[in-house]
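# Close look at the chain arrangement
So the chains spell out like this:
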Amino acid sequence: MSAAAGHHDAFEELAHAFRERLLSRARDGSGEAGALEDDVRELVDREAVALAPAARARLVERVLALAAGLGPLDALLADPRVDEVMVNGPEVVWIERAGRIERTPTAFGSEGELMHAIERILAPLGRRVDEAAPLCDARLPDGSRVNVVIPPLSLTGPCLTIRRFRRQGFSLDDLVSNGTLPEPLASTLAGAVRGRASILVSGGTGSGKTTTLNALSGEIPDDERIVTIEDAAELRLRQRHVVRLEARPPNLEGRGEVTIRQLVRNALRMRPDRIVVGEVRGAEALDMLMALNTGHDGSLSTVHANSPADALRRVETLTLMAGLGLPHEAVREQVASALELVVHQARDRDGARRIVAVAEVVPALGGAGVRELYALRDRRPWFRPPARDGLARRLEASVPAA
């Protein structure tokens, strides 16, 4: 090995060692936000005093390059049209842009470079991944959601998914403008929210459930106290009186977890006028149904499902996960009396998200059934009025007096 190559290797080792030092400080919370360059310069001046001033300046630049930014992903994340970045190992990067998923020519030089980028994301959040804990969910300071899976669980190398967060959520008028739903349906749903109907938004992954939930939440009157409960905080309500709660995963020792179910129970002690649950995905379904059946009507949530009818069945199944041994018939009755509307959303092949069905929840033999009030058939909207008296009264009551 030549002397120049050896010098370069030593320089790189020193730069990576300083970078690790900075990451450790970020994990410990001892670093100062927004002072990265000052931290690097101070560290180099203190620890590399034997180097010439020009060499120390080059070392500062190299440590900054290693410790800041996400390398090849920076350009993608700078594009406001990119909603999601999906890294499937160092050589394969996909994005969702304007509703369409496409592969990009972007690539990392190695698995090590990708792991460095992952560490840059997680270290300031006090999180890390390794063989002992190869999975991680996190939320960036701007609200974007991050998921990381590394080997041995991932067979394609480290995988990183970043779902971008919009600082300002869409309103119902925005959804009408972009074709998610027609204006008459938007007026009906706005009236249902103002009239305190309990609404469940269903759909598949990436169908836009949270966006629609946020738009519906915008119709809650400004003088009501709203408690939002989410696994990763994404909702951005504009009302004055909003309390935002976020679940917490366990730490590396398996302690400190706070579940959605615990937060739903706690929310009932916070004197809410409305409870908005970002997504029902477990035993918290029981607590939500109990809340809706004990005076907290007008609450909103989402669930993964393939249709309005399937959404009710899924809520029933999730409720049974509470493990209280409730008879299935009793659970069905709870669902039938708690929920009033199911809004179902789907993502088309062209990437557009559309509300394709709205159904009222009606009593049926042995539990709850659905009756369509709106459907998108051959891209043509179809409407009919509700049959359930309670829902009809809510909609009438929400219409301002002339």
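As shown above, the structure is provided for reference.
Owing to the predicted nature of the structure, the values given are computational and were not obtained by experimental measurement.

Read across the open sheet, the nine strands follow the order 9-8-10-11-7-12-13-14-15; overall the sheet is mixed. Looking along the sheet, the strands with just one partner apiece sit at the ends: strand 9 (242-246) and strand 15 (380-383). Adjacent strand axes in the sheet meet at a mean angle of 25 degrees when their direction is disregarded. Along the sheet face, helix 7 (residues 183-194) touches strand 7 (199-203), strand 10 (274-277), strand 12 (341-347), strand 13 (353-364), strand 14 (367-377) and strand 15 and points at about 50 degrees away from the line of strand 13.

Moving on, we get to the packing of aromatic side chains. Following the criterion strictly, the structure yields one aromatic pair and no others. Taking 5.1 Å as the distance between ring centres and 50 degrees as the angle between the ring planes, the aromatic pair formed by Tyr374 and Phe383 counts as tilted. The ring of Trp382 has Arg377 lying over it, and the distance from NZ or CZ to the ring centre is 4.4 Å.

Here we come to the sheet that holds strand 6 (residues 159-163). If you walk across this open sheet you meet the six strands as 3-2-1-6-5-4, and the pairing is antiparallel. Strands at the two margins of the open sheet, each flanked by one partner only, are strand 3 (100-104) and strand 4 (135-139). With direction set aside, neighbouring strand axes in the sheet form an average angle of 15 degrees. As judged from the five bridges shared by strand 1 (residues 82-88) and strand 2 (residues 93-97), these two strands associate in the antiparallel manner. Residue pairing in the sheet places Met86 in a bridge with Trp94 of strand 2.

Right, let's get into the pairing of strand 11 (residues 300-304). Among the five residues of strand 11, four are classified as buried, and the element is accordingly described as predominantly covered. Here strand 7 pairs with strand 11 via five bridges, running parallel. Along strand 11, the bridge assignment pairs Ser202 with Val303. Between the parallel elements strand 10 and strand 11, the chain passes through helix 10 (residues 284-292) in a crossover that is right-handed.

Turning next to the packing of helix 10 against helix 11 (residues 308-320). To describe two helices that pack against each other, one gives the angle between their axes and the distance between the axes. Close contact between helix 10 and helix 11 brings their axes to 6 Å; oriented N to C, the two are set at 110 degrees. Our classification of the angle between helix 10 and helix 11 gives roughly perpendicular. Residue-level contacts link Ala285, Leu286 and Leu289 of helix 10 to Val315, Leu318 and Thr319 of helix 11. For the contact of helix 10 with helix 11, the per-class residue count stands at five nonpolar, one polar and no charged.

Quick look at the pairing of strand 1 now. In terms of burial, strand 1 is largely enclosed, as five of its seven residues are buried. Connecting strand 1 to the antiparallel partner strand 2 that follows it, the hairpin turn spans four residues, and Gly89 within it adopts a positive phi of roughly 90 degrees. Taken together, the five bridges between strand 1 and strand 6 define a ladder with antiparallel strand orientation. The residue of strand 6 that forms the bridge with Val85 is Ile162.

A few words now on the pattern of salt bridges. Applying the stated criterion across every chain yields a total of 27 salt bridges. Put simply, Glu234 and Arg145 hold a salt bridge, and the shortest N to O gap is 2.7 Å. In this pair, Glu234 is assigned in the loop between strand 8 (226-230) and strand 9 and Arg145 in strand 5 (residues 145-149), connecting sequence segments 89 residues apart. Accessibility expressed as a relative area gives 27% for Arg145, which makes it partly exposed. The partner of Arg332 in a salt bridge is Glu316, and the shortest N-O contact between them spans 3.6 Å. Note that Arg332 is positioned in helix 12 (residues 328-338) and Glu316 in helix 11, a separation of 16 residues in sequence. It is possible to trace a salt-bridge network through shared partners that takes in Arg196, Glu224, Arg274, Asp297, Glu340 and Arg394.

Reading guide: rules and limits
Residues numbered from 1 in each chain as written. Predicted model: local features only at pLDDT ≥ 70, side-chain atom pairs only at ≥ 80, totals over all residues. Heavy atoms only, no water. Pairing = 2+ DSSP bridges. Helix = DSSP H or I, 4+ residues; strand = E, 2+ residues; numbered from the N terminus. Axes fitted to C-alpha atoms, helices over the stretch in contact; angles between N-to-C directions. Contact = heavy atoms within 4.5 Å. Phe/Tyr/Trp six-rings, centres within 6.5 Å; stacked < 30°, edge-to-face > 60°. Lys NZ or Arg CZ within 6 Å of the ring centre and 35° of its normal. Buried < 20%, exposed > 50% of the residue type's maximum accessible area, 1.4 Å probe, protein only. Right-handed = clockwise from strand over helix to strand, strands pointing away. Parallel < 35°, antiparallel > 145°, perpendicular 65-115°, else oblique. Nonpolar A, V, L, I, M, F, W, Y, C, P; charged D, E, K, R; others polar. Salt bridge = Lys/Arg side-chain N within 4 Å of Asp/Glu carboxyl O.

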